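Residues per chain are reported as follows:
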Amino acid sequence: MTPPSQQQARYLGADATEPVLWAVRYGGTQTAPPGYDYWFDNRKRSGAQWVVQSSLAGSIDVTLHGKTQPAPAGTMIVFRYDEDSQYGQRRPLTEPYRNRWVSPVGAGVEEHMQQLRAATGPVLDLGLDHPLHQSLAELVGLLDPQRSVDAIRSAGLVHRFVMGLLDFAQAARREAQPAVDRAVDQLVEHPLDPIDTQRIANRYGVSREHLTRVFRQRTGETPARYLDTRRVNHALSLLRVTDLPLDDIARQSGLRSARHLADRVRARTGRPPSAMRQLA
């Protein structure tokens, strides 16, 4: 059986100390020929490192916690060593499979990759022409020993790539969601925006009553209470740590005016905004 060909595979060292700056620990390109047993079980791998792999030609399957999805050319798969996931084909390949992969590391990578996977699962269907495929190739190029790339620039390239994947995943998730769930996300993710529940309901074409019911199911609070809590908390924080005028604090906290700010602070604390500054 002909082994797969490897190009540009480079390693920083699996036992290297996790860097603060974002970087690529390893990566490369690979072509597995027909007849090759291309199958990997991540439960048997150690290190808890993340991998993003682009399918460039051919197709494989990806299984996460028992659920299997196809990953044909144009997709990217996201997995982690030591988790309950597998990828490849359980039978020898019937056609060539070509891929490119990187393993990003750095402070915060774990959280971003978890959020990415939570949005769409392990397979992102970008299409072959998506610029993120070229971005991944650029990251593999960072591992070329003949290149000398500044660590700050490298960190920026890795960060841009992961953020691009996260943006794509979140947009894809939203497109697949019912309108009311997108409306709930808008309120939950942007509580300081100066917008009320009725306007959000109108924007997404749902009734205010339906939005309120689904919002409460997801958060345990009504939209009004959820927004008020976070806006007042933000205003109190600004009062304690800044000298901003009340009008500016109100605007940055999603409250209608300085008077509204004062009313909400009194309702919460029993004191005027000036007293909050004296406590700082």
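Cut-off values and rules
Counting of residues starts from 1 at the beginning of each chain's written sequence and follows it residue by residue. Reporting of local features is limited, given that this is a predicted model, to residues whose pLDDT is at least 70; pairs of side-chain atoms are given and counted only at 80 or more, and all residues count toward the totals for whole chains, interfaces and linings. Hydrogens and waters are ignored; side-chain quantities use all the structure's heavy atoms. Accessibility here uses a 1.4 Å probe with only protein chains present; expressed as a share of the type maximum, an area under 20% marks a residue as buried, one over 50% as exposed, and anything in between as partly exposed. Secondary structure is summarised from DSSP: a helix means a run of H or I of at least four residues, a strand means a run of E of at least two, and numbering begins at the N terminus for each. The pairing criterion for strands is at least two bridges between them, as found by DSSP. Fitted lines through C-alpha atoms serve as axes, helices being fitted only where they are in contact, and the angles separating the N-to-C directions of these axes extend from 0 to 180 degrees. Roughly parallel here means an angle under 35 degrees, roughly antiparallel means over 145, roughly perpendicular means 65 to 115, and every remaining angle is called oblique. Only heavy atoms matter for contacts: two residues are in contact if any of them lie within 4.5 Å across the pair. Under the grouping applied here, Gly and all other residues not named as nonpolar or charged are polar, the nonpolar ones being Ala, Val, Leu, Ile, Met, Phe, Trp, Tyr, Cys and Pro and the charged ones Asp, Glu, Lys and Arg. Scored from 0 to 100, pLDDT records how confident the predictor is in each individual residue. Residues grouped as a nonpolar core are buried Ala, Val, Leu, Ile, Met, Phe, Trp, Tyr and Cys residues, joined through side-chain atoms within 4.5 Å. Within 6.5 Å between ring centres, the rings of Phe, Tyr and Trp (the latter by its six-membered ring) count as paired, and their orientation is classed by plane angle as stacked under 30 degrees, edge-to-face over 60, tilted in between. Here, a charge over a ring is recorded when the distance from Lys NZ or Arg CZ to the ring centre is within 6 Å and its angle to the ring normal is within 35 degrees.

## Section: the pairing of strand β7 (residues 75-80)
For β7, a buried count of 6 out of 6 residues is recorded, marking the element as mostly surrounded by other parts of the structure. Burial along β7 is two-sided: Thr75, Ile77 and Phe79 and Met76, Val78 and Arg80, pointing in opposite directions, are all buried. Inspection of the sheet shows β7 paired to strand β10 (residues 123-125) by 3 bridges, in the antiparallel sense. Paired with Thr75 across the bridge in β10 is Asp125.

## With respect to the packing of helix α5 (residues 197-204) against helix α6 (residues 208-219)
For any two helices packed against each other, one specifies the crossing angle of their axes together with the interaxial distance. Between α5 and α6, the least distance of the axes is 9 Å, while the angle of their chain directions is 105°. Considering their axes alone, α5 and α6 lie roughly perpendicular with respect to each other. Touching Thr197, Gln198, Ile200 and Ala201 of α5 are Arg208, Leu211 and Thr212, all from α6. When grouped by side-chain class, the residues that make up the contact of α5 with α6 number 3 nonpolar, 3 polar and 1 charged.

## Some points on the confidence of the model for the protein
In this model, the protein carries an average pLDDT of 90, and 92% of its residues clear a pLDDT of 70 or more. Here residues 10-16 is a poorly scored stretch, pLDDT under 50, and it has 14 contacts once near neighbours within four places are set aside; other chains count.

## With respect to the packing of helix α3 (residues 151-176) against helix α4 (residues 179-189)
Orientation of α3 relative to α4, taken along the N-to-C sense of each, is 135°, at an axis distance of 9 Å. Overall, the two elements α3 and α4 adopt an arrangement that is oblique. Each of Arg173, Arg174 and Glu175 in α3 lies in contact with α4, whose residues at this interface are Arg182, Asp185 and Glu189.

## Comments concerning the sheet that holds strand β6 (residues 67-72)
Pairing within the open sheet is antiparallel, and its 4 strands lie in the order β3-β8-β5-β6. Edge positions in the open sheet fall to β3 (39-41) and β6, since each of these has one partner strand only. Averaged over all pairs of adjacent strands, the angle between their axes in this sheet comes to 15°, without regard to strand direction.

## Topic: the nonpolar core
Residues Val52 and Phe161 are the most contacted members of the largest nonpolar core, which totals 27 residues. Of all the secondary-structure elements, those providing two or more residues to this core are β4 (50-57), β7, α1 (109-120), α2 (131-141) and α3. Looking at this core, the element that brings in the most residues is α3, giving 8 residues. In this structure Phe161 touches Val52, Met76, Val102, Leu132, Ser135, Leu136 and Leu139, once residues within four positions along its chain are discounted. Core analysis: the next-biggest nonpolar cluster, separate from the first, contains 16 residues, Tyr36, Ala71, Tyr81 and Trp101 among them.

## Observations concerning the packing of aromatic side chains
Considering all chains together, one arrives at 7 aromatic pairs under this definition. Here Phe79 and Tyr81 contribute two aromatic rings whose centre-to-centre distance is 6.4 Å and whose plane-to-plane angle is 15°, an arrangement assigned as stacked. Take Phe79 and Tyr81: they sit in the same class, and that class is buried. On the basis of an interplanar angle of 25° and a centroid distance of 4.4 Å, the ring pair of Phe79 and Tyr87 is categorised as stacked. The burial state of Phe79 is the same as that of Tyr87; both residues are buried. Put simply, the rings of Tyr38, Phe40, Phe79, Tyr81, Tyr87 and Tyr97 pair up and form one aromatic cluster. We note Arg230 situated over the ring of Tyr226; from NZ or CZ to the ring centre the distance is 3.6 Å.

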